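Tertiary structure, described
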Amino acid sequence: MLSLRGIVKRYGKVTAVDGLSLELRRGEVFGLLGPNGAGKTTTLSIAVGLIGPDAGEAVLIAADGSEIGRATEAKVRARIGVCPQGDALYENLTARENLVFFATVHGMPKAERRARADELLEMVGLHERADHKVGGYSGGMRRRLNLAASLVHRPELVLLDEPTAGVDPHSRSAIYQIVDELRVGGTTVVYTTHSMDEAQRLCDRVAIIDHGRVLAVDTVDGLIDRHGGHAVVTVTRSDGDVRTETEQPLAVLAGVDLQSPDVLGVRIDRPDLESVFLSLTGRSLRD
Amino acid sequence: MRVVWAIAVKDLRLLMRDRVAAFFTLVFPLLFGVVFGLIFQQAFGGGGGGTPEIRVAIVDLDDSELSREYAEALVEMGGLTVVGVEGPSEVEEQVRRGRLAAGIIIPPGFGAGMQGALFGEAPGIEVVMDPSRAAEAGVLRGLMTGAGFRVMAGVFQRPDMVGDQIGRVREAVRQDASMRAMDRMLMGTLLDSADRLFGRGAAENGPAFGAGDRGGDGAGMDGFTPVRVSMRMPERGGGGMGGLNSAFELTYPQAAAWALVGCVTGFGLSLVGERTSGTLKRLAVAPVRRDVVVYGKALACFIAAVVVLAVLRGLFALPVFGVRGGAPWLEVVSIGMIAFAFVGVMMALSTVATSAGGAEGGVRAVLLILALLGGAGVPLMFFTGWLRWVTMGSPFRWAIVALEGSTWRGWTPGELLGPWMVLGGIGALGMVFGLWRFRRWPVQG
Ligand SMILES: Nc1ncnc2c1ncn2[C@@H]1O[C@H](COP(=O)(O)OP(=O)(O)OP(=O)(O)O)[C@@H](O)[C@H]1O
Ligand SMILES: [Mg+2]
């Protein structure tokens, strides 16, 4: 679907993207997981032609494997939708006016624009506030409308840059639901986040990015299997905790005398993306 | 307190780092104060010896000794910048176009009339006055009367001239058969004493008028005046008589200028806003050329400017305001050219700054200064001397000139061509520059 090949982008001394290559498959929800400053936004911007790379290229691939072209070409951009990290909306227009305007910019026939706007407003749960100015919207409502605005032209590929940053739980689950609907509809989604939970919950495959480089790409389970290490069994005794890393946590558990008054508690920690990131970078993602 | 200080230091540092913001915080107010200080100093003659110079032309159709003396005396009075012209028709033309505040036409027979001024009717001088320069008309009238007194004082110093006059009056009295004997005798006594008076020379008790004193209202002592100044407006290009119908003929183009300020600010800031709000990103990823954003703004700005100018025109044409019109097509072209010019101004101003904050401050501040320099605040007539040249750098000046020319000044298409071409040039340059800058705008951040 989208092929990123050896992309490099430098800002002065900072190398924002450092030889990044990725192959996106048609119809998958692909996560770009990395801490602040990892180069996620820069990668997306290059993928859609907003900024030019210093090296490498981003090419859109058709279903039959042939190259459609680069995002600098209008015909390629017509197939891509982008939801920028910051809200990109007109404050003084209503939600519906915003959507109709962007539909117009995308060359949608007049007759379809309103219907498409209504459809999207329904989808993101803003139909009741459709005719209110965006200026009066809450952060979560803006994020939802921002997402809707990137979908007006029914793109085959949607790039979402931290769509849930700074939103309340209600808006967040609404956004998750939209991503699920997109997956069901066969849209390819690139989902940028620094939240492991989100990546784990939404993404078919995840690329872990740090300092502009891809450290690992796989399904969430694949990543955990390969880089997550072993499960940890923690037995809390009156004289302290005993941690055991093991491939067979249940076997370890079986060896613990659970009847003993000495044993106060037992916990099994399965490895997650956090452990993957820790083992790949030696740092924790949550900081 | 430490926190307050830390915040203050941070903000100062930020300000210094943003050169555009620093400019508008420091240099701009300074410029503002200096430039307008100069304007007002020139306009109201306050301090520094600066006095308003009234641009006039003097056409001497008499070309006698006294008429030449009068012209010289008028120049020596000070306060006038005298411009050379070909003849009365050119005076008419230059005043109508606003290049001269007034044209002074000394008619044939002026010298002879001056010689007899004390005893007969004072000689007349015609002044073609720009109706928008009402403030200067009074000053000019005073100067002209003063110069008349000077020339007259000179006449009194030459007994031959006075004696000749007295002799002529004596002769006239003798020949007037209808005069009563009593009157005849009184006149004789009067003329005798006049002879004695002027025989010694009257300059020592000369008129109290001098350079710098221009409080005259046209009449000297007790209604006596050495010259009769008659002021009129220039002929209109279209045929009818020109002249300011009401003060609104002056303020209508100024109102239009402020409307343009609003228009350009609105669209300029909305173009800047596309960047700050991130919507430019969206448009940049849409399958359209990025330039369409600018084209769209330009079109909207043009339409808004035309509508707003047309509405103002319509309002000021109402009888209450009484702003007279010119040929409709001239007005239409003027409005079109002005709107075009200000689309260019909008595009150039809103794209020149790289930082969004700088762009916002810049659009507002530069527009304000251009508007004031272009005569949107203090009317153009107060800009004299080198300041007149400064006004030419402001697009607002050309807008005002085009509006006045195509309405009450009644300019011909040929006369309007100049301002139209300047406006067209401003528009084209601004658009090219704006587009060039816009293409270099960073879409990110
Ligand atoms: N316009 C720019 N000028 C200079 N440096 C930049 C610019 N854009 C990005 N960078 C730098 O490039 C690096 C990657 O930035 P990027 O925005 O791609 O990170 P990110 O992964 O999206 O981070 P975040 O999670 O905070 O959004 C950072 O070090 C950033 O400082
Ligand atoms: Mg980012």
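Residues numbered from 1 in each chain as written. Chains lettered and ligands numbered in written order. Predicted model: local features only at pLDDT ≥ 70, side-chain atom pairs only at ≥ 80, totals over all residues. Heavy atoms only, no water.

1. What to know about the overall build of chain A
Our working rule: Helix numbers and strand numbers start at the N terminus; a helix is a DSSP run of H or I with at least 4 residues, a strand a run of E with at least 2. The buried label applies to any residue whose accessible area, calculated with a 1.4 Å probe on protein chains only, is under 20% of its type's maximum; exposed applies above 50%, and partly exposed to all values in between. The contact rule is simple, with two residues in contact once any of their heavy atoms fall within 4.5 Å. Accessible surface area values rest on a Shrake-Rupley calculation with a 1.4 Å probe, where residue burial reflects the displayed protein chains alone. Residues scored as positive are Lys and Arg, those scored as negative are Asp and Glu, and His as well as the terminal groups of each chain are ignored. All charge positions are set by atom: Lys at NZ, Arg at CZ, Asp at CG, Glu at CD.
For chain A, the count of helices and strands is 10 helices and 13 strands. Projecting the C-alpha coordinates of chain A onto the three principal axes gives extents of approximately 75 × 45 × 40 Å. Counting the 287 residues in chain A, one finds 49% classified as buried. Of the contacts made within chain A by residues no fewer than 6 positions apart, 64% connect residues no fewer than 24 positions apart. Here chain A has roughly 13100 Å² of accessible surface; of this, 49% comes from carbon and sulfur atoms. Averaged over its 34 positive side-chain charges, chain A has a centre that lies 7 Å from the centre of its 40 negative ones.

2. Some remarks on the coordination of the magnesium ion (ligand 2)
In plain terms, the rule: For Na, K and Ca the donor cut-off is 3.2 Å, while for other metals it is 2.8 Å, and in both cases only N, O and S atoms qualify; water is not among them, so sites may look incomplete.
The coordination sphere of the magnesium ion (ligand 2), as far as protein atoms go, consists of T41 of chain A (OG1) and Q85 of chain A (OE1), spread over 1.8 to 2.2 Å. Placement of T41 of chain A in helix α1 (residues 40-47) and of Q85 of chain A in the loop between β6 (80-83) and α3 (95-105) is noted, with a sequence separation of 44 residues between them.

3. Notes on the confidence of the model for chain B
Residues and elements named next belong to chain B. Put simply, the test is: Each residue carries a pLDDT score, the predictor's own confidence in it, on a scale running from 0 to 100.
Across chain B, pLDDT averages 76, with 73% of residues at or above 70. Per-element confidence in chain B ranges from a low mean pLDDT of 60 for helix α2 (residues 19-44) to a high of 95 for helix α16 (residues 413-439). Scored below 50 in pLDDT, residues 200-222 makes 32 contacts in the model with residues more than four places away or belonging to other chains. Overall, residues 237-242 carries pLDDT values under 50, and its contacts beyond four positions in sequence, including any with other chains, amount to 14 contacts. With a pTM of 0.70, the predicted complex shows an ipTM of 0.82.

4. Focus on the pairing of strand β9 (residues 205-210) of chain A
Residue and element names in this part refer to chain A. In plain terms, the rule: When DSSP locates at least two bridges between a pair of strands, those strands are taken to pair.
In terms of burial, β9 is largely enclosed, as 6 of its 6 residues are buried. Note that strand β3 (residues 29-33) and β9 share 4 bridges and pair parallel. Bridge pairing links L33 to I208 in β9. Two elements, β9 and strand β10 (residues 213-219), share 6 bridges in a ladder whose sense is antiparallel. Paired with I209 across the strands is V214, a residue of β10.

5. Notes on the site of ligand 1
Residue and element names in this part refer to chain A. The line we're drawing: Definition of nearness: a residue and a molecule or strand are near each other if at least one heavy atom of the residue lies within 4 Å of the molecule or strand. Each polar contact in these results corresponds to two N or O atoms within 3.5 Å; when the atoms are within protein, one needs to be able to donate a hydrogen and the other to accept it, and residues that are neighboring in sequence are counted only if both atoms are side-chain atoms.
Taken together, 13 residues sit near ligand 1, with G37, K40, T41, T42 and E162 positioned nearest. At 2.9 Å, a backbone N or O of G39 approaches an oxygen atom of ligand 1. At 2.8 Å, a backbone N or O of K40 approaches an oxygen atom of ligand 1. Isolated, ligand 1 exposes 630 Å² of accessible area, and the fraction of that covered by the protein chains is 64%.

6. Let's talk about the nonpolar core
Rules: By nonpolar core is meant a set of buried Ala, Val, Leu, Ile, Met, Phe, Trp, Tyr and Cys residues that side-chain atoms within 4.5 Å join together.
Counting 103 residues, the largest nonpolar core has L99, L145 and Y191 of chain A together with I338, F342 and F396 of chain B as the members making the most contacts within it. Per-element tally for this core: the top contributor is helix α12 (residues 328-352) of chain B, with 11 residues. Residue contacts for L99 of chain A: discarding those within four places in its chain leaves A117, L120, L121, L145, A148, A149 and V152 of chain A. Formed by 33 residues, the second largest nonpolar core is a distinct cluster that contains A38, I46, I68 and I80 of chain A.

7. With respect to the sheet that holds strand β13 (residues 263-269) of chain A
All names here are of chain A. We apply this condition: Orientation is described by lines fitted to C-alpha atoms, with helices fitted over the stretch in contact, and by angles between N-to-C directions that extend from 0 to 180 degrees.
Ordered by their spatial adjacency, 3 strands build an open sheet running β12-β11-β13, and the pairing between neighbours is antiparallel. Across the chains shown, the open sheet's two edge strands, defined by having one partner strand only, are β12 (240-246) and β13. Strand-to-strand twist in this sheet, taken as the mean axis angle between neighbours without regard to direction, amounts to 15 degrees.

8. Examining the pairing of strand β5 (residues 67-70) of chain A
Residues and elements named next belong to chain A. Relative to β5, strand β4 (residues 55-61) is paired through 3 bridges, and the arrangement is antiparallel. Directly across from L60, in β5, lies its bridge partner G69. Between β4 and β5, which pair antiparallel one after the other, the connecting turn spans 5 residues, and G65 there sits at a positive phi close to 90 degrees.

9. Observations concerning the packing of helix α11 (residues 292-316) of chain B against α12 of chain B
Residues and elements named next belong to chain B. Put simply, the test is: In what follows, roughly perpendicular refers to angles from 65 to 115 degrees, roughly parallel to angles under 35, roughly antiparallel to angles over 145, and oblique to any angle outside these ranges. Working rule for handedness: look at the near helix, and if it is turned counterclockwise from the far one by less than a right angle, call the crossing left-handed; if clockwise, right-handed. Classes in brief: Ala, Val, Leu, Ile, Met, Phe, Trp, Tyr, Cys and Pro nonpolar; Asp, Glu, Lys and Arg charged; the others, Gly included, polar.
Two elements in contact, α11 and α12, have axes separated by 9 Å at closest approach and are oriented at 140 degrees. With respect to their mutual orientation, α11 and α12 come out oblique. As α11 runs across α12, the sense of the crossing is right-handed. Only E331, I335, G336, I338, A339, F340, F342, V343, M346 and M347 of α12 make contact with α11, whose side of the interface consists of V294, K297, A298, C301, F302, A305, V306, L309, A310 and R313. Along the lines of polarity and charge, the residues of the contact of α11 with α12 split into 16 nonpolar, 1 polar and 3 charged.

10. A few points about a nonpolar patch on the surface
Short version of the rule: Exposure above 30% relative accessible area and no salt bridge define the residues that can form patches, which grow by joining like charges within 9 Å and nonpolar side chains of Val, Leu, Ile, Met, Phe, Trp and Tyr within 5 Å. One speaks of a salt bridge when a side-chain nitrogen belonging to Lys or Arg is within 4 Å of a carboxyl oxygen belonging to Asp or Glu.
A cluster of nonpolar side chains, namely L299, I303, V307, V311, L315, L318 and V320 of chain B, defines an oily patch on the protein surface of about 640 Å² accessible area. Here V307 of chain B lies in helix α11.

11. A look at the packing of helix α9 (residues 248-276) of chain B against helix α15 (residues 395-406) of chain B
Packed helix pairs are characterised by how far apart their axes lie and by the angle those axes make with each other. Residues and elements named next belong to chain B. One way to put it is that α9 packs onto α15 with a least axis distance of 9 Å and a crossing angle of 140 degrees. When the axes of α9 and α15 are compared, the pair comes out oblique. For the pair α9 and α15, the crossing hand works out as right-handed. Residues E249, L250, Y252, P253, A256, A257, L260 and V261 of α9 form the contact with α15, whose own contacting residues are F396, A399, I400, L403 and E404.

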